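# Secondary and tertiary structure notes
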Amino acid sequence: MQPSEPLLRGSGEKPTSLGLLANPLDFISEDHLRERQVCAMIDRLATAAVLNRQEVTTVLRFLNEELNVHLRDEAEDLFPLLARRCTEEDAIDAVIDRIRTDQDEAMRLLPEVRAMLAGCLDREGALSVKERGVLSRFAGHVRRHLVAENAILLPIARVRLTRADLRNLSKHMRSRRGLPDFPETTDAE
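Residues numbered from 1 in each chain as written. Predicted model: local features only at pLDDT ≥ 70, side-chain atom pairs only at ≥ 80, totals over all residues. Heavy atoms only, no water.

Here we come to empty space enclosed by the protein. Summary: where empty space remains is shown by rolling a probe the size of a single water molecule over the atoms. Enumeration according to the criterion identifies one cavity of 30 Å³ or more in this entry. Lining the largest cavity are Glu 35, Val 38, Cys 39, Ile 42, Phe 62, Leu 67, Phe 138 and Val 142. Residue assignment for the lining of the largest cavity shows that the elements contributing at least two residues are α1 (24-47), α2 (53-85) and α4 (129-160). In terms of residue count, α1 provides more of the lining of the largest cavity than any other element does, four residues in total. Of the residues belonging to the lining of the largest cavity, the class tally is seven nonpolar, no polar and one charged. (1 Å grid on protein atoms, 1.4 Å probe; cavity = no way out; pocket = protein on both sides within 12 Å on 5 of 7 lines; lining within 4 Å. Points joined across faces, edges and corners; volume = space filled by probe spheres on them. Helix = DSSP H or I, 4+ residues; strand = E, 2+ residues; numbered from the N terminus. Nonpolar A, V, L, I, M, F, W, Y, C, P; charged D, E, K, R; others polar.)

Next comes the structure, spelled out in structure tokens:
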């Protein structure tokens, strides 16, 4: 039997492969890489003299098609699972509260970010100083919650969540994306 090859991480330049949904924490980790790449694009847009239309389009697609479903994965499934499985010493409630604060602030800015970027595509003009600031603040809030999720939340989830939890998480994530559940297999498979 050949040793399995390590799973190579994506570049974050494309949406996360749906094949990773069988391992929902790996999928979330890859989604975080995607979010970091999009934040880097937002940073470039916020400082560019001339906007890169392809990057604007990529960011808008991410914001319109990927971000909300990812946040729902966490808010509706991952966070509640962790709240149930973690011990008091994990102090997970404080971590989740911190993450939600940054997510909420990013979501408060999201409609303005979308409108600004769409407007840039329509008018083909540079961003104002105020718009650049909004983009930077948005990316900052996204980055802060990613740091907490990657450094604290996901490592704890890998220890605390059961196989049944992970199967349910995967099932809900697949359903949220309009995909059928994986066929049931025995533990021997």
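Moving on, we come to α4. Residues three or four positions apart in an α-helix share a direction because the helix packs 3.6 residues into each turn. Taking 1.5 Å per residue, 32 residues should reach 46 Å; α4 reaches 45 Å between its end C-alpha atoms and fits that length. Where α4 bends most, at Glu 149, the angle is about 40°. (Expected span 1.5 Å × (residues − 1). Bend = angle between axes of the 7 residues up to and from the residue.)

Running from amino to carboxyl end, α2 crosses helix α3 (residues 92-123) at an angle of 160°, the nearest separation of the two axes being 10 Å. Here α2 lies roughly antiparallel to α3, going by the angle between them. Between α2 and α3 the crossing geometry is left-handed. Across the contact of α2 with α3, the residue classes tally to 20 nonpolar, three polar and five charged. (Axes fitted to C-alpha atoms, helices over the stretch in contact; angles between N-to-C directions. Parallel < 35°, antiparallel > 145°, perpendicular 65-115°, else oblique. Left-handed = near helix turned anticlockwise from the far one by under 90°.)

Attention now goes to α2. Here α2 spans 45 Å end to end across 33 residues, near enough to the 48 Å set by a 1.5 Å rise per residue. The largest bend in α2 is about 45°, located at Glu 66. Structurally, the start of α2 carries an N-cap: the backbone nitrogen of Gln 54 is 2.9 Å from a side-chain oxygen of Asn 52. (Polar contact = N/O pair within 3.5 Å; in protein donor to acceptor, adjacent residues only side chain to side chain.)

Take the environment of Leu 179 next. Position of Leu 179 among the secondary structure elements: in the segment after α5 (163-176). Accessibility expressed as a relative area gives 25% for Leu 179, which makes it partly exposed. Counting along the chain gives 161 residues from Leu 179 to Leu 18, while the straight-line C-alpha distance between them is 9.3 Å. Filtering out sequence-adjacent residues up to four positions away, Leu 179 remains in contact with Leu 18, Leu 21 and Arg 174. (Buried < 20%, exposed > 50% of the residue type's maximum accessible area, 1.4 Å probe, protein only. Contact = heavy atoms within 4.5 Å.)

What follows covers the confidence of the model for the protein chain. For the protein chain, mean pLDDT is 89; residues scoring 70 or higher make up 90% of the total. Within the protein chain, the element-level pLDDT minimum falls on α3, averaging 93, and the maximum on α5, averaging 96. Scored below 50 in pLDDT, residues 1-8 shows two contacts in the model against residues more than four places distant or in partner chains. (pLDDT = per-residue confidence, 0-100.)

Let's shift gears to the pattern of salt bridges. Taken as a whole and judged by the stated rule, the model has 15 salt bridges. Arg 176 is paired through a salt bridge with Glu 76; the nearest N and O atoms lie 3.2 Å apart. Linking Arg 176 in helix α5 with Glu 76 in helix α2, this pair joins segments that are 100 residues apart in sequence. On the basis of relative accessible area, Glu 76 is assigned to the partly exposed category, the value being 40%. Here the residues in one salt-bridge network are Arg 72, Asp 73, Glu 76, Asp 77, Arg 176 and Arg 177, joined through shared partners. (Salt bridge = Lys/Arg side-chain N within 4 Å of Asp/Glu carboxyl O.)

Relative to the helices and strands, Glu 30 is located in helix α1. Distance in space between the C-alpha atoms of Glu 30 and Ser 17 is 8.5 Å, their sequence separation being 13 residues.

Looking at the secondary structure, you find His 32 in helix α1. At 3.0 Å, the side chain of His 32 forms a polar contact with the side chain of Glu 74. Polar contacts involving the side chain of His 32 include one to the side chain of Asn 150, which spans 2.6 Å. Setting aside residues up to four positions removed in sequence, His 32 forms contacts with His 70, Glu 74, Leu 146, Glu 149, Asn 150 and Leu 154.

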